Amino acid sequence: MTRLDSVIRRLTAQRTVIDWAAEWARSQPGLVLELGLGNGRTYDHLRDRLPGRDIYVFERQPAAHPSCMPPDSHLLVGDIFETLPAFRHRFGHGAAVLIHADIGTGDQEENRRLAARLSPLIAPLLRASGLMLADRDFALEGCRDVTAETGIDPGRYFAYRREV
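The model shown is predicted, which means the values in this text are computed figures rather than measured ones. (Residues numbered from 1 in each chain as written. Predicted model: local features only at pLDDT ≥ 70, side-chain atom pairs only at ≥ 80, totals over all residues. Heavy atoms only, no water.)

### Examining helix 2 (residues 41-49)
Alright, step 1. Restricting attention to buried positions, one finds in helix 2 the residues Thr42, Tyr43, His45 and Leu46. The buried side chains of helix 2 occupy one side of the element, clustering within an arc of 160 degrees when seen end-on.
Alright, step 2. Looking at the buried residues of helix 2, the elements they touch are helix 1 (3-25), strand 1 (31-35), strand 2 (55-59) and strand 4 (96-101). (Buried < 20%, exposed > 50% of the residue type's maximum accessible area, 1.4 Å probe, protein only. Helix = DSSP H or I, 4+ residues; strand = E, 2+ residues; numbered from the N terminus. Arc of directions from axis to C-beta. Contact = heavy atoms within 4.5 Å.)

Structure, rendered in structure tokens:
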């Protein structure tokens, strides 16, 4: 498989999982969190799929296309290991109905370490039955892997649901 084919498969899986989750989340209470803004593609897709919904974005160094920048009131700039705990302190446990994380690097070992460090910060933010979507595998306490429900190939993208 070429690198182009691989990125197309990854982005297709990402869109499929986000659309699947957004369809469910539309009728559910709670905030939406985007961990990693990048160039703003998935943030733009989330706000299109969940119009009028509060979407909070966490980014170390915002550099997205101007049309894909969240309002300042919903952009948390800085180290995610500092901004996530501050967010939880502000909004409380179980504030999020949907969390999307696409914050990895090309280094798979570093990605595993990042997911392991983030998991205990993310899990408490999810409300009961809330969804976490990610570009990598996470070990989220109190959550089960529901990727098979999304219809994508295993290992392409990941979806977790907070157990009730």
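### Quick notes on the packing of helix 3 (residues 80-91) against helix 4 (residues 108-122)
Alright, step 1. In contact at an axis separation of 10 Å, helix 3 and helix 4 are set at 10 degrees when each is read in the N-to-C sense. With respect to helix 4, the axis of helix 3 lies roughly parallel. Contacts between helix 3 and helix 4 involve Ile80, Phe81, Leu84, Pro85 and Arg88 from the former and Leu114, Arg117, Leu118, Pro120, Leu121 and Ile122 from the latter.
Alright, step 2. Tallied by class, residues from the contact of helix 3 with helix 4 come to nine nonpolar, no polar and two charged. (Axes fitted to C-alpha atoms, helices over the stretch in contact; angles between N-to-C directions. Parallel < 35°, antiparallel > 145°, perpendicular 65-115°, else oblique. Nonpolar A, V, L, I, M, F, W, Y, C, P; charged D, E, K, R; others polar.)

### Considering the packing of aromatic side chains
Alright, step 1. Under the criterion given, the structure shown has four aromatic pairs.
Alright, step 2. Ring geometry for Phe58 against Phe87: centres 5.4 Å apart, planes inclined by 75 degrees, an arrangement best described as edge-to-face. Of the two residues, Phe58 sits in strand 2 while Phe87 sits in helix 3, which places them 29 residues apart along the sequence. As far as the burial class goes, Phe58 and Phe87 line up, both buried.
Alright, step 3. Each member of the aromatic cluster is reached from another via a ring pair, and the members are Tyr56, Phe58, Phe87 and Phe91. (Phe/Tyr/Trp six-rings, centres within 6.5 Å; stacked < 30°, edge-to-face > 60°.)

### Some points on the layout of surface pockets
Alright, step 1. Estimates place the volume of the largest pocket at around 1300 Å³.
Alright, step 2. Along its surface, the largest pocket is lined by 45 residues, and Ile103, Gly104, Thr105, Asp135 and Arg136 are the ones closest to its centre.
Alright, step 3. Here the lining of the largest pocket takes 10 residues from helix 4, the largest share from any one element.
Alright, step 4. Its residues assigned to classes, the lining of the largest pocket shows 14 nonpolar, 15 polar and 16 charged. (1 Å grid on protein atoms, 1.4 Å probe; cavity = no way out; pocket = protein on both sides within 12 Å on 5 of 7 lines; lining within 4 Å. Points joined across faces, edges and corners; volume = space filled by probe spheres on them.)

### Quick notes on the packing of helix 1 against helix 2
Packed helix pairs are characterised by how far apart their axes lie and by the angle those axes make with each other.
Alright, step 1. Following both chains from N to C, one finds helix 1 and helix 2 inclined at 30 degrees, their axes separated by 10 Å at the closest point. When the axis of helix 1 is compared with that of helix 2, the two are roughly parallel. As helix 1 packs across helix 2, the resulting crossing turns out to be right-handed. Touching Gln14, Arg15, Ile18, Asp19 and Ala22 of helix 1 are Thr42, His45, Leu46 and Arg49, all from helix 2. (Left-handed = near helix turned anticlockwise from the far one by under 90°.)

### What about the sheet that holds strand 2?
Alright, step 1. Read from one edge of the open sheet, seven strands run 3-2-1-4-5-7-6, paired in mixed fashion. The open sheet has two edge strands with one neighbour each: strand 3 (75-77) and strand 6 (143-145). Going from strand to strand, the sheet's axes swing by 20 degrees on average, the running direction of each strand aside.
Alright, step 2. Pairing between strand 2 and strand 3: three bridges, direction parallel. The residue bridging Glu59 from the neighbouring strand is Val77, located in strand 3.
Alright, step 3. Here helix 1 sits on the sheet in contact with strand 4, strand 5 (126-134) and strand 7 (158-162), set at roughly 165 degrees to strand 5. (Pairing = 2+ DSSP bridges.)

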